[in-house]
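Structural features, examined
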Amino acid sequence: RILRDVSQTNITTTILGDEVSMPILLSPTAMQQMAHPEGERATARAAAGAGTLMTLSSWSTIALEEVMDAAPQGLKWFQLYVYKDRDVTLDLIKRAEKAGYKALAITVDTPVLGRREADLRNSFKLPSHLTMGNFAKASGAHNKGTTQQGGLAKYVASLIDKTLNWEDIVWVRSHTTMKIVVKGVMTAEDAKKAVENGVDGILVSNHGARQLDTVPATIEMLPEIV
């Protein structure tokens, strides 16, 4: 629209009750030390400096506690993959809550990892000098597999729970006071189902189109979902 007074603007807003400086947030991104030694610590400091939200990946190369310590005043959520081993999942939930993360963003669109042809072509693997920071005390499978060729696909197939369903959201709710957001909603039907199951929010996401390469852009789905 034209001829509107825009001399004074204010793009601050709130998300699940917490104020942010702008409606631009950082989605979870795995293995950031592959880009820079400071990895997720630097991202946490940058997000806090900009006054906005950072969501930390389960597959961070730096432990969630260290990321929080790097920018303790910054607003943070923790992205959660649900593992077959519920004790591993519960450990992540309890650690995130204790560290001060405000919400869990549960990824629900990756029961099976998509065929990531670029990763296959490039023989993607986590460099041997890096580890999955949140699993330093877990079994070797949580770190060793990702440093082998094709490791991430094997990792997901062997450890991530393919049976994940709405009852598991209820299970997570029973173990935490953090807010719960489901990440990976792409239809109005699933948005309604999320509301019925009492989640605090949804993230409309097609996982960067890396799960199914035929999915529409997320912005195309917003009108239907809203």
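Up top you'll find the structure we're talking about.
Remember, it's a predicted structure, so these values are computed and weren't measured experimentally. (Residues numbered from 1 in each chain as written. Predicted model: local features only at pLDDT ≥ 70, side-chain atom pairs only at ≥ 80, totals over all residues. Heavy atoms only, no water.)

What to know about the side chain of Glu-40
- Along the polypeptide, Glu-40 turns up in helix α1 (residues 39–50).
- One buried charge, Glu-40, has no salt-bridge partner; the nearest side chain with opposite charge is Arg-41, at 7.4 Å.
- Apart from the residues lying within four places of it in its own chain, the contact partners of Glu-40 are Thr-29, Ala-30, Met-31, Gln-32, Gln-33, Met-54, Leu-56, Ser-60, Thr-61, Ile-62 and Val-67. (Helix = DSSP H or I, 4+ residues; strand = E, 2+ residues; numbered from the N terminus. Buried < 20%, exposed > 50% of the residue type's maximum accessible area, 1.4 Å probe, protein only. Lys, Arg positive; Asp, Glu negative; His and termini not counted. Salt bridge = Lys/Arg side-chain N within 4 Å of Asp/Glu carboxyl O. Contact = heavy atoms within 4.5 Å.)

A short note on the packing of aromatic side chains
- What the rule picks out here adds up to 3 aromatic pairs.
- Considering the side-chain rings of Trp-59 and Tyr-81, the 4.2 Å spacing of their centres and the 15° angle between planes classify their relative orientation as stacked. Taken together, the residues Trp-59 in the loop between β3 (54–56) and α2 (64–70) and Tyr-81 in the loop between β4 (76–80) and α3 (86–99) connect sequence positions 22 residues apart. Each member of the pair Trp-59 and Tyr-81 is classed as buried.
- When the centroid spacing of 6.0 Å and the interplanar angle of 75° are considered together, the rings of Phe-78 and Tyr-101 count as edge-to-face. Placement of Phe-78 in strand β4 and of Tyr-101 in the loop between α3 and β5 (103–107) is noted, with a sequence separation of 23 residues between them. Residue Phe-78 shares its accessibility class with Tyr-101, and that shared class is buried.
- Above the ring of Trp-171, the side-chain terminus of Arg-86 is found at 5.6 Å from the ring centroid. (Phe/Tyr/Trp six-rings, centres within 6.5 Å; stacked < 30°, edge-to-face > 60°. Lys NZ or Arg CZ within 6 Å of the ring centre and 35° of its normal.)

Topic: the pairing of strand β7 (residues 201–204)
- Here strand β6 (residues 179–185) pairs with β7 via 4 bridges, running parallel. Each residue of the ladder has a partner; that of Val-181, found in β7, is Gly-201.
- Taking the sense of rotation as the criterion, the β-α-β connection linking β6, helix α8 (residues 188–196) and β7 turns out right-handed. (Pairing = 2+ DSSP bridges. Right-handed = clockwise from strand over helix to strand, strands pointing away.)

Thoughts on the sheet that holds β7
- Taken in spatial order, the 5 strands of this open sheet run β3-β4-β5-β6-β7, and their pairing is parallel. The sheet is open, and its two borders are formed by β3 and β7, each paired with just one other strand. When the angles between neighbouring strand axes are averaged without regard to direction, this sheet yields 30°.
- Across 3 bridges, β3 lies against β4 in parallel orientation. Residue pairing across strands places Thr-55 opposite Trp-77, the latter belonging to β4.
- Along the sheet, α3 makes contact with β4 and β5, crossing β4 at roughly 180°.
- Together, β5 and β6 form the strand contacts of helix α7 (residues 166–173), whose direction differs from that of β6 by roughly 155°. (Axes fitted to C-alpha atoms, helices over the stretch in contact; angles between N-to-C directions.)

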